[in-house]
Amino acid sequence: DFVLVPFGGAGSMHGTPVARDLGLKRLLIPPNPGILCAFGLLVSDLRHDLLETYIRPLANLSYDEVQPIFNRLRDAARSLLDRDGVLPAKQQVELRADLCYIGQSFELTIPLGQASPEDWRVIGSSFHAAHLTRFGHCNEQASLEIVSFSVVGLGAVDRPKLTPVAAGAASAAAAPLAMRAVFFETDTMSAVGGWHQSKVFNRASLCSGHVITGPAIIDEVSATTVLYPGDTCTVHENGSLMVQVGS
């Protein structure tokens, strides 16, 4: 029922044998798989996590006592985002508190929005609800303990619009650049082992709708995709390679 998404410089080279070992039939190889993580980093929002330990029974804390802590954390997060060059309109600050039942050795993080008096008033019931969801039980009569306060400062990043792959003739067979003798290992799932004359393609020249049947090699700057004998690959309009693993 699942699709394997191999990435990294060697991911698409080993996609088919890994899929066979897992009993999977389909692969989705994203564009530029060798630099997928780097690209993801560049288009991800900026984030700063700040935390201040503050161990106290919840019953002993009032909103007036914790408000200065929230203000300090909020100001620190916005200062870091300002230093990153994030405009105020693209900044988002989320306040949180880590709580546990007194005596527990682990805590749950409870979102507090902007930490208004109303957010603070319901923090206990929010913890019980979160504990019930996570562990299947809660004890509303048990005393709670604050472990720490934290803030997440997010800076929205402008993301580039990805260009779709040029459309080719519907279900057309792509034209190979060359032929190459490739040795495929034998495994217990198939009998594809031995030397096979394999078609060689440049991924940048492929169009959406193109169909490639293995054995084949698809070269690109950041990775090499290997289609084993019996594999079938269709180029998606977003540039992904949709591979049906051969039996």
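Reading the values: rules and limits
Residues numbered from 1 in each chain as written. Predicted model: local features only at pLDDT ≥ 70, side-chain atom pairs only at ≥ 80, totals over all residues. Heavy atoms only, no water. Salt bridge = Lys/Arg side-chain N within 4 Å of Asp/Glu carboxyl O. Helix = DSSP H or I, 4+ residues; strand = E, 2+ residues; numbered from the N terminus. Buried < 20%, exposed > 50% of the residue type's maximum accessible area, 1.4 Å probe, protein only. Pairing = 2+ DSSP bridges. Expected span 1.5 Å × (residues − 1). Arc of directions from axis to C-beta. Contact = heavy atoms within 4.5 Å.

Caption draft 1: Highlighting the pattern of salt bridges. Taken as a whole and assessed by the stated rule, the structure comprises nine salt bridges. Two residues, Glu52 and Arg72, come together in a salt bridge whose shortest N-O distance is 2.7 Å. Taken together, the residues Glu52 in strand 3 (residues 46-57) and Arg72 in helix 3 (residues 63-83) connect sequence positions 20 residues apart. Given a relative accessible area of 23%, Glu52 falls into the partly exposed group.

Caption draft 2: Examining the pairing of strand 5 (residues 108-111) more closely. Burial of strand 5 is one-sided: the residues Leu108 and Ile110 facing one way are buried, the residues Thr109 and Pro111 facing the other way are not. Across four bridges, strand 4 (residues 91-101) lies against strand 5 in antiparallel orientation. Paired with Ala97 across the two strands is Ile110, which belongs to strand 5. Linkage of strand 4 to strand 5, two consecutive antiparallel strands, is achieved through a turn of six residues, within which Gly103 is found at a positive phi near 105 degrees.

Caption draft 3: Representation of helix 3. Between the first and last C-alpha of helix 3 there are 30 Å, a value that for 21 residues agrees with the 30 Å anticipated at 1.5 Å per step. Taken together, the buried positions of helix 3 are occupied by Tyr63, Val66, Ile69, Phe70, Leu73, Arg74, Ala77, Leu80 and Leu81. Taken around the axis of helix 3, the buried residues stretch over an arc of 130 degrees, which confines them to a single face. Those residues of helix 3 that are exposed and angled more than 90 degrees off the buried face are Asp64, Asp75 and Arg83. On its buried face, helix 3 sits against strand 3, strand 4, helix 4 (117-121) and strand 6 (144-155). Gly85 occupies a position one or two residues after helix 3 and carries a positive phi of about 85 degrees.

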